[in-house]
Amino acid sequence: MASPMRNLLTDPNRYLQSFRLFLERSTEHQSMQDFVERQLPGVIASIGNGKSTINVLSVGGGAGEMDLQILSKIRARYPRVTINNEVIEPSADQISKYKEHVAQASSLENIKFTWHKETAYEYESRMNVEKKTEKFDFIHMIQMLYYVKDVPATIRYFHSLLESQAKLFIILVSGNSGWATLWKKFGSSFPLEDLCSYVCAGDLPRMLDSAGLKYQLYELPSHMDITSCFTEGDKDGELLLDFLTETLDFAKTAPPELKHQLMEELRKPGCSESRDGKVFFNNYLGAIVIEP
């Protein structure tokens, strides 16, 4: 009998609900912001040297929270240049939120925004059909490589769009994170349905080495409060379980044995730690900066 389990991405509204709750319960954005504050100025130190315009490409820009943080650092480093910020994002809902964030933000003078409602693959295909090759001074792909069919090919394509002083910046979950532990143990039981793949920052060095690319790897500490996952029937807990397993209504549709094993694994040190009566999932991230 076919499993009733379905991939979370088959219900975009439920996915966005679970994703927003994940951001609320985790230090994901805070962890990225720390990197942007402390490390990014060094990363972008030479991307705009001698230029009057800096071209930035955000691949999978989401609602733009991190994009605007990144742009503020580029603006601070190069106060007099024009910044063209192009965004590839397949979700109309996320683009709408992004535009709201832009409307509310201050100090975005001389920054031009262009949104492309398409996937990374659709963007690449369109550029090939139109025989266009735009070059960029900074390209970032934050938490989006899970949703491409061919990770090495996607990295190669966007790397080919870099200017000579540019950087390609990627963030994924760390190979030392609870995500990597869960995927190794249960990945084959989750309903991927060709919609996403289990790739972590620890997988990238092999791909980049074989492509002969130079890069730097950083580990970003982060955690998520998953205490509510252990309360039967808790709506937030069920949403977080959906996000952790990429499965729609995991608590209701997973075979009892799989659910039992997963709940046990979530409490183990490889995935989480207990503090003050709460359970915190290891949401460590890996940031990779790739040279042209």
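Our structure's up above, just so we're on the same page.
Here's what I pulled together on the structure shown here.

Rules and cut-offs
Residues numbered from 1 in each chain as written. Predicted model: local features only at pLDDT ≥ 70, side-chain atom pairs only at ≥ 80, totals over all residues. Heavy atoms only, no water. Phe/Tyr/Trp six-rings, centres within 6.5 Å; stacked < 30°, edge-to-face > 60°. Buried < 20%, exposed > 50% of the residue type's maximum accessible area, 1.4 Å probe, protein only. Helix = DSSP H or I, 4+ residues; strand = E, 2+ residues; numbered from the N terminus. Pairing = 2+ DSSP bridges. Axes fitted to C-alpha atoms, helices over the stretch in contact; angles between N-to-C directions.

1. A short note on the packing of aromatic side chains
And then number 1: For the structure on display, the rule yields 22 aromatic pairs.
And then number 2: A centroid spacing of 4.9 Å and a plane angle of 75° characterise the contact between Tyr157 and Phe158, whose relative ring orientation is edge-to-face. No difference in accessibility class separates Tyr157 from Phe158, as the two residues are buried.
And then number 3: Ring geometry for Trp179 versus Trp183: centroids 6.1 Å apart, planes at 45°, classification tilted. Linking Trp179 with Trp183, this pair stays in helix H8 (residues 178-186), spanning four residues, or about one helical turn.

2. A few points about the sheet that holds strand S8 (residues 223-225)
And then number 1: One open sheet holds the three strands; their spatial order is S8-S11-S10, and the pairing between them is antiparallel. Two strands close off the open sheet at either side, each with one partner strand: S8 and strand S10 (272-275). Across this sheet, the average inter-strand angle for adjacent strands is 30°, counted without regard to direction.
And then number 2: Examined bridge by bridge, S8 and strand S11 (residues 278-282) share three bridges and lie antiparallel to one another. Bridging from a neighbouring strand, Met224 pairs with Phe281 of S11.

Remember that the coordinates give geometry; whether it matters functionally is a separate question.
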